[in-house]
Amino acid sequence: MSLDKIWLSSPHMGGTERNFVTEAFDTNWVAPLGPNVTGFEKDLEAYQAENTHVAALSSGTAAIHLALIQAGVGPGDEVICQSFTFCGTTNPVQYLGATPIMIDSEEQTWNMCPVALKEAVEDRIAKGKKPKAILAVHLYGMPYKVEEIHAFAKAKQIPVIEDSAESLGSTYKGQKCGTFGDYGILSFNGNKIITTSGGGAMVCPTKVVKDKTIFLATQARDEAPHYQHSELGYNYRLSNISAGIGRGQMEVLDKHIDLRRAMNSFYQELFKDIAGVRVHVEQNAAIFSNHWLSAILVDPSKTGGITREDIRLALEKENIESRPLWKPMHLQPLCKDFPYYGGKICETLFENGLCLPSGSNLTDQDRGRIEKAIKQLFKI
Ligand SMILES: *Cc1c(COP(=O)(O)O)cnc(C)c1O
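Residues numbered from 1 in each chain as written. Predicted model: local features only at pLDDT ≥ 70, side-chain atom pairs only at ≥ 80, totals over all residues. Heavy atoms only, no water.

1. Some thoughts on the overall build of the protein chain
Scanning the protein chain from N- to C-terminus turns up 12 helices and 15 strands. Here the C-alpha radius of gyration of the protein chain, 21 Å, is about what a compact globule of 380 residues would show, namely 21 Å. By its C-alpha atoms, the protein chain is 70 × 60 × 35 Å across when sized along the principal axes. Across the 380 residues of the protein chain, 56% fall into the buried class. Carbon and sulfur atoms make up 52% of the accessible area of the protein chain, which amounts to about 16,300 Å² in all. Averaging the positions of the 39 positive and the 44 negative side-chain charges in the protein chain gives two centres separated by 2 Å. (Helix = DSSP H or I, 4+ residues; strand = E, 2+ residues; numbered from the N terminus. Rg over C-alpha atoms; globule rule 2.2 N^0.38 Å. Buried < 20%, exposed > 50% of the residue type's maximum accessible area, 1.4 Å probe, protein only. Areas by Shrake-Rupley, 256 points an atom, 1.4 Å probe, with all protein chains shown as cover. Lys, Arg positive; Asp, Glu negative; His and termini not counted. Charge placed at Lys NZ, Arg CZ, Asp CG, Glu CD.)

The following block contains the structure:
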């Protein structure tokens, strides 16, 4: 008998999601608008910060697309992008016919390196083209170097699109990720910390930006009794059914963050006496990560030759999912011709890093199986 698969990050319902979905059916709000959509937006606004404005959208990728459009990005423009990320960050730059300028990571947060960022922006400006936006990512829930990145962007007057798809609930100096940028992006895909099955949102600093985002997300329809259009629009609004799931998930978000963080503590404990394996953790007290995914870095010269691939295969044998860290976008065939600034930090992270099961729904039995597989491999 084979044991159930332990997933990296699977949906975890709190229980009340169905009530909101049933209500949508009962009231016939089976459409990309309705009380759940506005209710979910209100919940997110209350959660993020006072005076934020949230537009619920069909995906995080759609939110990035609409942020880039509002930042004025068009064909031939350049956008600074963290290379170490999921393709959902950078694909929308290409949808618009713009060029992603890829930036390396730094070792502490694994996110955009402020030194490489500065080098890139100054070099692009010297070459005659000022980047239209900076796309920075709080990867795996770990806040990037907020102060350095935003101070530099402000000095250069370049808008920041803050990809918080993985970092709902993470904070820097007590302030929620998603509220630092000119545009904040959230995702509620099936594997994220909360899910609407699929969905996303834009956190907007003003009501004007929120209204414009919703306008663009509903085919840019002008005020008129008939269908009148003077701008190119998109069909990117969130469904009222999906938003109902989101409202239920908001009730358990903080509890799920505690549970994800407990998974991270579990790995810190598990690996504390294993030389050559380091768990990715906050480097100082200003940073609070939701630990959406817990990740380790493996140094085979200190583990007696055991690599991250050995760990992955040992877990796979026990029906436990794990996955290498994001492959940097500048190494993807899709993006290999785009300019890149930095060294080999994110490349090295990709070669030696592994994401481990991190879900808020993992049980003591699951943790026991993970622990056993790791201890067997390391013979402890
Ligand atoms: C998930 C994710 C996205 C895209 O969100 P979707 O809702 O899947 O479109 C963008 N950036 C990062 C870093 C992500 O993890």
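So, next bit.
2. Some points on the site of the ligand
Around the ligand, a shell composed of 15 residues is seen, among which Thr-61, Asp-163, Glu-166, Ser-187 and Lys-192 lie nearest. Here an oxygen atom of the ligand sits 2.8 Å away from a polar atom, N or O, in the main chain of Gly-60. Thr-89 places a side-chain nitrogen or oxygen 3.3 Å from a nitrogen atom of the ligand. Protein chains shield 94% of the accessible area of the ligand, which is 380 Å² for the free molecule. Elements with a contribution of two residues or more to the shell around the ligand: helix 3 (60-70) and helix 4 (87-95). For the shell around the ligand, the per-class residue count stands at 3 nonpolar, 9 polar and 3 charged. (Near = heavy atom within 4 Å. Polar contact = N/O pair within 3.5 Å; in protein donor to acceptor, adjacent residues only side chain to side chain. Nonpolar A, V, L, I, M, F, W, Y, C, P; charged D, E, K, R; others polar.)

3. Quick notes on the packing of aromatic side chains
Across all of its chains, the model carries 8 aromatic pairs by this definition. Both rings, one in Tyr-172 and one in Phe-180, keep their centres 6.4 Å apart while their planes meet at 70°; by these two values the pair is edge-to-face. Each of the two residues, Tyr-172 as well as Phe-180, counts as buried. An aromatic cluster is present here, built from Trp-110, Tyr-140 and Trp-292 joined pairwise through their rings. Between Lys-176 and the ring centre of Tyr-47, over which it is positioned, the NZ or CZ distance is 4.0 Å. (Phe/Tyr/Trp six-rings, centres within 6.5 Å; stacked < 30°, edge-to-face > 60°. Lys NZ or Arg CZ within 6 Å of the ring centre and 35° of its normal.)

4. Remarks on unusual backbone geometry
With a phi close to 65°, Asn-28 is a non-glycine residue in the positive phi region. Mapped onto the elements of the fold, Asn-28 is located in the loop between helix 1 (17-26) and helix 2 (35-48). A relative accessible area of 64% places Asn-28 in the exposed class. A positive phi angle is found at Gln-157, which is not glycine, with a value near 55°. Inspection of the secondary structure puts Gln-157 in the loop between helix 6 (146-156) and strand 5 (160-163).

5. Regarding the side chain of Arg-237
Mapped onto the elements, Arg-237 comes out in the loop between helix 7 (207-217) and helix 8 (240-250). Classification of Arg-237 by relative accessible area gives buried; the value is 13%. A polar contact of 2.9 Å, which involves the side chain of Arg-237, links it to the backbone oxygen of Ala-56. When near neighbours in sequence (up to four residues on either side) are disregarded, Arg-237 contacts Pro-32, Val-37, Glu-41, Ala-55, Ala-56, Leu-57, Ser-58, Ile-214, Ala-217 and Thr-218. (Contact = heavy atoms within 4.5 Å.)

6. Details of the pattern of salt bridges
Evaluation of the coordinates by the stated rule reveals 23 salt bridges. Across the pair Arg-124 and Glu-78 runs a salt bridge, and its minimum N-O distance is 2.8 Å. Taken together, the positions of Arg-124 in helix 5 (residues 114-126) and Glu-78 in strand 2 (residues 78-82) put the pair 46 residues apart, joining distant regions of the chain. A relative accessible area of 11% means that Arg-124 is categorised as buried. For Glu-78, a relative accessible area of 9% translates into the label buried. Taken together, the shared-partner salt bridges connect Glu-41, Glu-45, Lys-210 and Arg-237 into one network. (Salt bridge = Lys/Arg side-chain N within 4 Å of Asp/Glu carboxyl O.)

7. A word on the nonpolar core
The nonpolar side chains of a soluble globular protein tend to be buried with one another. Counting 33 residues, the largest nonpolar core has Phe-84 and Tyr-140 as the members making the most contacts within it. Where this core is concerned, the elements lending two or more residues are helix 2, strand 1 (53-57), strand 9 (200-204), helix 8, helix 9 (253-271), strand 12 (294-298) and helix 11 (345-352). When residues of this core are assigned to their parent elements, the largest contribution, 4 residues, is made by helix 2. Both domains that furnish three or more residues to this core are identified here as domain 1 (17-252) and domain 2 (254-378). In this structure, Phe-84 is in contact with Ser-105, Trp-110, Leu-139, Tyr-140, Leu-325, Trp-326, Pro-328, Cys-346 and Leu-349, ignoring residues within four places of it in sequence. (Core = buried A, V, L, I, M, F, W, Y, C linked by side-chain atoms within 4.5 Å. Domains from an automatic or database assignment.)

8. Description of the packing of helix 5 against helix 6
Between helix 5 and helix 6, the least distance of the axes is 10 Å, while the angle of their chain directions is 15°. Considering the angle they form, helix 5 stands roughly parallel to helix 6. By crossing handedness, the relation of helix 5 to helix 6 is classed as right-handed. Counted together, Pro-114, Leu-117, Lys-118, Val-121, Glu-122 and Ile-125 of helix 5 and Glu-148, Ile-149, Phe-152 and Lys-156 of helix 6 form the full contact between these two elements. (Axes fitted to C-alpha atoms, helices over the stretch in contact; angles between N-to-C directions. Parallel < 35°, antiparallel > 145°, perpendicular 65-115°, else oblique. Left-handed = near helix turned anticlockwise from the far one by under 90°.)

9. A look at the sheet that holds strand 9
The 8 strands are arranged 1-9-8-5-4-2-3-14 in an open sheet whose pairing can be described as mixed. Two strands in the sheet have a free side with no partner beyond their single neighbour: strand 1 and strand 14 (340-341). With 5 bridges joining them, strand 2 and strand 3 (residues 99-103) adopt parallel strand pairing. The residue of strand 3 that forms the bridge with Ile-80 is Ile-101. (Pairing = 2+ DSSP bridges.)

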